[in-house]
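# Tertiary structure, described
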Amino acid sequence: RSTDNMAYTTIDDPSKYFQIALYTGNGNDDKSIPFSSANYTDEYVGQDIQGDFFWVKRRDSGTDHWEIMDTVRGIGSTTYSLGFSTGVDGTESGTSNIIKSVQSNGMTLGTNPQVNRADEPYAAYIWKAGTTASATESGSNLAYSRSINTTSKFMISAYTGTGSGGDTLAHGLGSAPKFWACKNRGASGWSWYVYHGANTSQPETENLYFNNNDATLDDATRWDDTAPTGTEIAFGTNGGVNADGNTYMCYAWGEVQGFSKFGVYTGNGSADGPYVYTGFRPSMLIIKRTDSTKDWYLYDDKRDTYNPQTTYFRTNSNDGEGTTDNYVDYLSNGFKLRGTSSVTNADGGTYVYMAWATHPFVTSTGVPCPAR
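These lines cover the structure that appears in this document, whether it is placed above or below. (Residues numbered from 1 in each chain as written. Predicted model: local features only at pLDDT ≥ 70, side-chain atom pairs only at ≥ 80, totals over all residues. Heavy atoms only, no water.)

## Quick notes on the overall build of the protein
- Along the backbone of the protein there are 4 helices and 24 strands.
- Residue burial in the protein is summarised as follows: out of 372 residues, 59% are buried.
- Of the contacts made within the protein by residues no fewer than 6 positions apart, 63% connect residues no fewer than 24 positions apart.
- For the protein, the computed accessible surface area is about 12900 Å², with 43% contributed by carbon and sulfur atoms. (Helix = DSSP H or I, 4+ residues; strand = E, 2+ residues; numbered from the N terminus. Buried < 20%, exposed > 50% of the residue type's maximum accessible area, 1.4 Å probe, protein only. Contact = heavy atoms within 4.5 Å. Areas by Shrake-Rupley, 256 points an atom, 1.4 Å probe, with all protein chains shown as cover.)

Here's what the structure looks like:
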């Protein structure tokens, strides 16, 4: 068979661990949003999940912020939110009536207009963690509380900094994470600090910012010039990730064959752009040029249900969604650049990407999944 030499996925149905929900707000209390088969028509996806990490964005406005919430900080009437900005917990939209509760197959929203304006469209990106409880491990000198999923390699961690170089945070994923973002929760003015495992040949020396369009920055004070291991992440002395007594959030992902991929490609400036192999059909794709000042572009297969993918958000902007000629085709085993814009495909430009699957190219039993 043509699939005999292919490595099979360990996650046949990505919807058990990651989903995208599109919804329209009603402005009322107790707005219910399903994370379940109600969001899908594809026979290969559509499981109920209980979410632990939530990105929500109003689609048609630049006045409403990104809202980022998680179950480690807490869900309920005093839910704290972060945005992709330099703000702190709750400063952008208050701390009430955002997510009121989380169910085994969805969430219930309150009346906060950032997530539930009447008759306005929203997109929500949801990851499941929560299969392993908080723990204390040897090798971590930072105090933390966390939720992890060792199958999908995803961690949510709330930790407290010490301000000392060489500090480490245990992640519990079982393999070195490939991508993470850290945010100072209590001190204003700090950006979102990002590590990407394909960002140059020595990614532990580099930093990107999720909330702005800067090119990659070489600075040892972020990750202490120390690569992550199968057990821990290292931090330097920078206040954005490790000031004494400051509280932080860290969201970290590892690669899972057939489910998630964090890589790099070089643009060619042609409408017949690079093909990038991921081993799955992407559901969500984020692209950032690292050798130049360019935005983070987020595509997904719920807002664009067929190729080319043209509708985007920018994580470093509060703007609503736009459409672009930075075309991307989703394929059964990866994606292909179709546009010539320098945002995604400049000749010789260097780009990192983060991708999560709709379905794997080959299932755990070796059965090919059809392209949609």
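What follows picks up the thread again.
## Some details on the nonpolar core
- Core analysis: the biggest nonpolar cluster contains 37 residues, and Trp55, Tyr125, Trp127, Phe210, Tyr251, Met284 and Trp356 have the highest contact counts within it.
- Beyond its immediate chain neighbours, meaning those up to four positions away, tyrosine 251 contacts Phe53, Ile68, Asp70, Arg73, Leu82, Phe154, Met155, Ile156, Phe179, Trp180, Ala181 and Trp192.
- Grouped together as the second largest cluster of nonpolar side chains are 21 residues, Met155, Leu169, Tyr195 and Tyr248 included. (Core = buried A, V, L, I, M, F, W, Y, C linked by side-chain atoms within 4.5 Å.)

## Details of the pattern of salt bridges
- What the rule picks out here adds up to 20 salt bridges.
- Between aspartate 301 and lysine 302 there is a salt bridge whose closest N-O contact spans 3.0 Å. Across this residue pair, the class does not change: aspartate 301 and lysine 302 are buried.
- Between arginine 338 and aspartate 329 there is a salt bridge, and its shortest N-O distance comes to 2.9 Å.
- Arginine 338 sits in the partly exposed class, given a relative accessible area of 33%.
- Among the charged side chains, a salt-bridge network with shared partners connects Arg58, Asp60, Asp64, Arg117 and Glu120. (Salt bridge = Lys/Arg side-chain N within 4 Å of Asp/Glu carboxyl O.)

## Here's the deal with the pairing of strand 24 (residues 350–360)
- With 10 of its 11 residues buried, strand 24 lies for the most part within the structure.
- Where strand 17 (residues 260–266) meets strand 24, 7 bridges bridge the pair, whose relative direction is antiparallel. For glycine 263, the partnering residue across the bridge sits in strand 24 and is tyrosine 353. (Pairing = 2+ DSSP bridges.)

Function cannot be read off these values alone, since they describe shape.
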